[in-house]
Amino acid sequence: MTQLQSSNRRGEIKPPVLIALGVAAVVVLGIIIGMVIHNHRKEAARTNTQAHLAACRALESQIQQQKGPLSSAGLNFQPYQGRFDAAVRDEKQAEAVLERDPQQAEQLADKAESGFKSVLSDTQLAVQVKGDQSGEKALSDAGEATRRWRQNQVNWGYPGAAGSSQERYRLDESGHNPDVHLGAAERLLSAVQPQLEAGKPQDAQRSIEEAKSEAAAAQRDIDSVIGAKKRVETEISAIQAKSEAADASLEAEVRKEYFAQHF
């Protein structure tokens, strides 16, 4: 081996060294990529947090404005105050940790925005429900229909009926008494104001809708009774017609037989 060849071999990088260098390069690259991703996420979180905080400030302003209509409706903001204060705390905490921990700040700001949205939505709904008279109208209409029919005489309408009966519609048949549903509707509507005062407008809205359903059920009970009367009249008329036809046929047969025997 010549001296030149020996020198070249000493300058060669051994395979294990190449592998170690490759691993180190991959690790360094991974660290760099991780830092880039981490920094990107921090910037995205910071941007998102600032957007949430801007939304929070706008929502706070709308909530303050909503206190006017709420008061005009005879309702108080007090039932919503606790939730409002909690949202404010989350908002302030998000602002405090924004530079140190943008991702935690984003979570807090998002939670605060959701809290403000919930308060605003509920106070708006409370005003809407307070002005909703549809439940009272449905109950009034069904109650009036019940009273009106109970004042009417039955007045059967089939041939041979004795005309207008002195008996009036009772509307108290088992399973078809409108009073049951009218009472349920009254109880539901009486719960609306306490539910609104407790800051539960969804419950109040549900009570109104259920009361309207009960009023509709009362009207169906009335319709069922009146419909049954009409069916009875139709069936009796049909039976009478068949009976009269049978009587006429029998009379004709008797006459025919009589004349055949005697003439």
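Look up a bit, the structure's there.
This section reports on the structure supplied with the text. Every value quoted in this text rests on a predicted model; they were computed, and no experiment measured them.

### Observations regarding the packing of aromatic side chains
Right, on to step 1. On inspection of all chains with the given rule, the structure shows four aromatic pairs.
Right, on to step 2. With a centroid separation of 6.0 Å and an interplanar angle of 40°, the aromatic rings of phenylalanine 77 and tyrosine 80 are classed as tilted.
Right, on to step 3. On the basis of relative accessible area, phenylalanine 77 is assigned to the buried category, the value being 9%.
Right, on to step 4. Ring plane angle 90° and centroid distance 5.3 Å describe the contact between tryptophan 149 and tyrosine 169, whose orientation is recorded as edge-to-face. On the criterion of sequence distance, the pair formed by tryptophan 149 in helix H5 (residues 134–151) and tyrosine 169 in the loop between H5 and helix H6 (178–190) is long-range, its members being 20 residues apart.

### Digging into the environment of glutamine 205
Right, on to step 1. Tracing the chain through its elements places glutamine 205 in helix H8 (residues 201–262).
Right, on to step 2. Classification of glutamine 205 as partly exposed rests on a relative accessible area of 31%.
Right, on to step 3. In this structure, the C-alpha to C-alpha distance between glutamine 205 and glycine 135, residues 70 residues apart in sequence, is 9.7 Å.
Right, on to step 4. If we skip the residues at most four places from it in the chain, glutamine 205 touches Leu125, Gln128 and Val129.

### Considering the packing of helix H3 (residues 78–97) against helix H4 (residues 102–130)
Right, on to step 1. Orientation of H3 relative to H4, taken along the N-to-C sense of each, is 155°, at an axis distance of 8 Å. One way to sum up the angle between H3 and H4 is to call them roughly antiparallel. Here the hand of the crossing between H3 and H4 comes out left-handed.

### Comments concerning the nonpolar core
Right, on to step 1. Ranked by size, the top nonpolar core spans 31 residues in total, and within it Ile63, Phe77, Phe116, Val129, Val192 and Leu196 carry the most contacts.
Right, on to step 2. If you list the elements that add at least two residues to this core, you get helix H2 (15–72), H3, H4, H5, H6, helix H7 (192–197) and H8.
Right, on to step 3. Per-element tally for this core: the top contributor is H4, with seven residues.
Right, on to step 4. Once residues within four sequence positions are removed from consideration, leucine 196 is found in contact with Leu75, Tyr80, Ala126, Val129, Lys130, Pro201 and Ala204.
Right, on to step 5. Counting residues in hydrophobic clusters, the runner-up holds seven residues, among them Leu53, Val97, Leu98 and Ala109.

Criteria and cut-off values
- Residues numbered from 1 in each chain as written.
- Predicted model: local features only at pLDDT ≥ 70, side-chain atom pairs only at ≥ 80, totals over all residues.
- Heavy atoms only, no water.
- Phe/Tyr/Trp six-rings, centres within 6.5 Å; stacked < 30°, edge-to-face > 60°.
- Buried < 20%, exposed > 50% of the residue type's maximum accessible area, 1.4 Å probe, protein only.
- Helix = DSSP H or I, 4+ residues; strand = E, 2+ residues; numbered from the N terminus.
- Contact = heavy atoms within 4.5 Å.
- Axes fitted to C-alpha atoms, helices over the stretch in contact; angles between N-to-C directions.
- Parallel < 35°, antiparallel > 145°, perpendicular 65-115°, else oblique.
- Left-handed = near helix turned anticlockwise from the far one by under 90°.
- Core = buried A, V, L, I, M, F, W, Y, C linked by side-chain atoms within 4.5 Å.

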